[in-house]
Amino acid sequence: MRGIITKALRENQRTVEEFVTQNSSNLVRCAEIICSAFRNSRKLMLCGNGGSAADAQHIAAEFVNRFQIERSPLPALALSTDTSIITSISNDNSFDDIYSKQIEALGAEGDVLLAISTSGRSGNILAALNTARDKGIYVVGLMGAGGGEMLALVDLALIVENHQTPRIQEAHIVAGHIICELVEYMLFQGKGI
C-alpha cells in the first residue's frame, strides 16, 4: 500500500513540475487574457465533463467568491452547473450541444472560454469551442497529452504531457489555482498588465 502511495506522489510531483515548467509563459498569458476580459466588463466561462466539470466549477467559484484575498467578485460562470438547462438540451437536442447552446445564449465577443478536457476529444467540448470561436470568444484549452482534436480549435493551449487521467486532473487543478492567483495579483495587488 505504501508503494502505491509513494508511486502516485512521485508521478504527481513529476507531472505537475513538468507542466508548470513547460507552460509558465502560457499560464501568465492566460491570466493576462482573463484580466483583460474582466477589465472590459466581459466574463470567463468554463466547461468540462466529469472531473473536469468539477474543476470548472471549482475555478469559477474561486473567481466569483475569492481565491486568496478579499476583493470584488469576478464574473466567471461554469456551464456545467444548471441541470435544467443541461438535461433539457440533452433531451431535446443532443448531449453534444449542452455547452455550445449556452455559449450561444450567454457568450459575447471579448469573453474568454476555458475548456477543460483530459482527452481533448469530447463532442460537447469541441462543439463549444467552435461556437465560441464563431462568436469572437477567446478560447483557452486545458488538456491532456497531445491535446486531441481540441488543439486545433484553441487560441491558447495548456497541455499536461501525461496519459493518466488522475495525473492530468491533478495538474489541471494546480493550473487553475495558479491562474486564479495570477489574476488576483494582476488586478488587485500588482501594477496590472
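Starting from 1, residues in each chain are numbered consecutively following that chain's sequence as written. Per-residue local features of the predicted model are confined to residues with pLDDT of at least 70, and side-chain atom pairs are confined, for both listing and counting, to 80 or more; whole-chain, interface and lining totals are unaffected and use all residues. Values reported for side chains reflect all heavy atoms of the structure, with hydrogen atoms and water molecules removed beforehand.

Observations concerning the overall build of the protein
Along the backbone of the protein there are six helices and five strands. Only DSSP runs of H or I covering at least 4 residues are called helices, and only runs of E covering at least 2 are called strands; the numbering of each starts at the N terminus. Start at the N end of the protein and walk to the C end: the helices and strands fall as α-β-α-β-α-α-β-α-β-β-α. Between the two quantities, the radius of gyration covers C-alpha atoms and the globule rule is 2.2 Å times the number of residues to the power 0.38. In terms of overall dimensions, the protein is globule-like: its C-alpha atoms have a radius of gyration of 16 Å, near the 16 Å expected for 193 residues. A principal-axis box enclosing the C-alpha atoms of the protein has dimensions of 50 × 45 × 30 Å. We call a residue buried when its accessible area falls under 20% of the maximum for its residue type, exposed when it is over 50%, and partly exposed in between, using a 1.4 Å probe and counting protein chains only. Taking all 193 residues of the protein together, 45% fall into the buried category. Contacts in the protein between residues far apart in sequence, at least 24 positions, make up 70% of those at least 6 positions apart. What sets the accessible areas is the Shrake-Rupley method with a 1.4 Å probe; for residues, cover comes only from the shown protein chains. When the accessible surface of the protein is summed, it comes to about 9,300 Å², and 49% of that surface belongs to carbon and sulfur atoms. Here the protein contributes 16 positively and 21 negatively charged side chains, and the mean placements of these two sets differ by 5 Å. It only takes one pair of heavy atoms within 4.5 Å for two residues to be counted as in contact. Counted as positive: Lys and Arg. Counted as negative: Asp and Glu. His and the chain ends are not counted at all. For the purpose of locating charges, the reference atoms are NZ of Lys, CZ of Arg, CG of Asp and CD of Glu.

Considering the packing of helix 1 (residues 2-39) against helix 6 (residues 165-189)
Geometry is summarised by axes, namely lines fitted to C-alpha atoms with helices restricted to the contacting stretch, and by angles between N-to-C directions that run from 0 to 180 degrees. It is the contact of helix 1 with helix 6, at a shortest axis distance of 7 Å, that shows an interaxial angle of 35 degrees. Like other packed secondary-structure pairs, helix 1 and helix 6 cross with a definite hand, here right-handed. Here the contact of helix 1 with helix 6 is composed, by residue class, of 20 nonpolar, two polar and five charged. By definition, any crossing whose near helix is turned counterclockwise from its far helix by less than a right angle is left-handed, and any crossing with a clockwise turn is right-handed. Residue polarity follows a fixed list, in which Ala, Val, Leu, Ile, Met, Phe, Trp, Tyr, Cys and Pro are nonpolar, Asp, Glu, Lys and Arg are charged, and the others, Gly among them, are polar.

Let's talk about helix 6
Between the first and last residue of a helix there are one fewer steps than residues, each counted as 1.5 Å, and that sum is the expected span. In a regular helix each residue adds 1.5 Å, so 25 residues correspond to 36 Å; helix 6 covers 35 Å between its end C-alpha atoms and thus fits that length. Within helix 6, the full set of buried residues consists of Arg167, Ile168, Ala171, His172, Ile173, Ala175, Gly176, Ile179, Cys180, Val183, Glu184 and Met186. Buried residues belonging to helix 6 abut helix 1, helix 2 (51-64), strand 3 (112-117), strand 4 (138-143) and strand 5 (156-159).

What about the nonpolar core?
Ranked by size, the top nonpolar core spans 36 residues in total, and within it Ile34, Leu44, Phe63 and Val183 carry the most contacts. Of all the elements in the fold, those that place two or more residues in this core are helix 1, strand 1 (44-47), helix 2, strand 2 (76-78), strand 3, strand 4, strand 5 and helix 6. At 10 residues, helix 1 tops the list of elements feeding residues into this core. The residues contacting Ile34, other than those within four sequence positions of it, are Leu44, Phe63, Val112, Ile179 and Val183. We call a set of buried Ala, Val, Leu, Ile, Met, Phe, Trp, Tyr and Cys residues a nonpolar core when their side-chain atoms join them within 4.5 Å. Within the second largest apolar cluster, 23 residues are counted, among which are Ile89, Tyr99, Leu113 and Ile125.

A look at the side chain of Glu11
When you line up the elements, Glu11 lands in helix 1. Look at Glu11 and you get buried, because its relative accessible area is 14%. In this structure, Glu11 is in contact with Gln164 and Arg167, ignoring residues within four places of it in sequence.

Observations concerning the pattern of salt bridges
Within this document, salt bridges are pairs made up of a side-chain nitrogen of Lys or Arg and a carboxyl oxygen of Asp or Glu, the two lying within 4 Å of each other. Within this structure, the stated rule accounts for nine salt bridges. With a shortest N-O distance of 2.8 Å, Glu170 and Arg167 are connected by a salt bridge. Of the two residues, Glu170 and Arg167 are both situated in helix 6; the distance of three residues between them amounts to about one turn of the helix. One salt-bridge network, held together by shared partners, links Lys7, Glu11, Arg167 and Glu170.

Some thoughts on helix 5 (residues 123-134)
Residue pairs spaced three or four apart in an α-helix point in one direction, given the helix's 3.6 residues per turn. With 12 residues, helix 5 extends 17 Å between its outermost C-alpha atoms, agreeing within 8% with the 16 Å of an ideal straight helix rising 1.5 Å per residue. Residues of helix 5 that are buried: Asn124, Ile125, Leu126, Ala128, Leu129, Thr131 and Ala132. Remark: Gly136 follows helix 5 within two positions and exhibits a positive phi of approximately 80 degrees.

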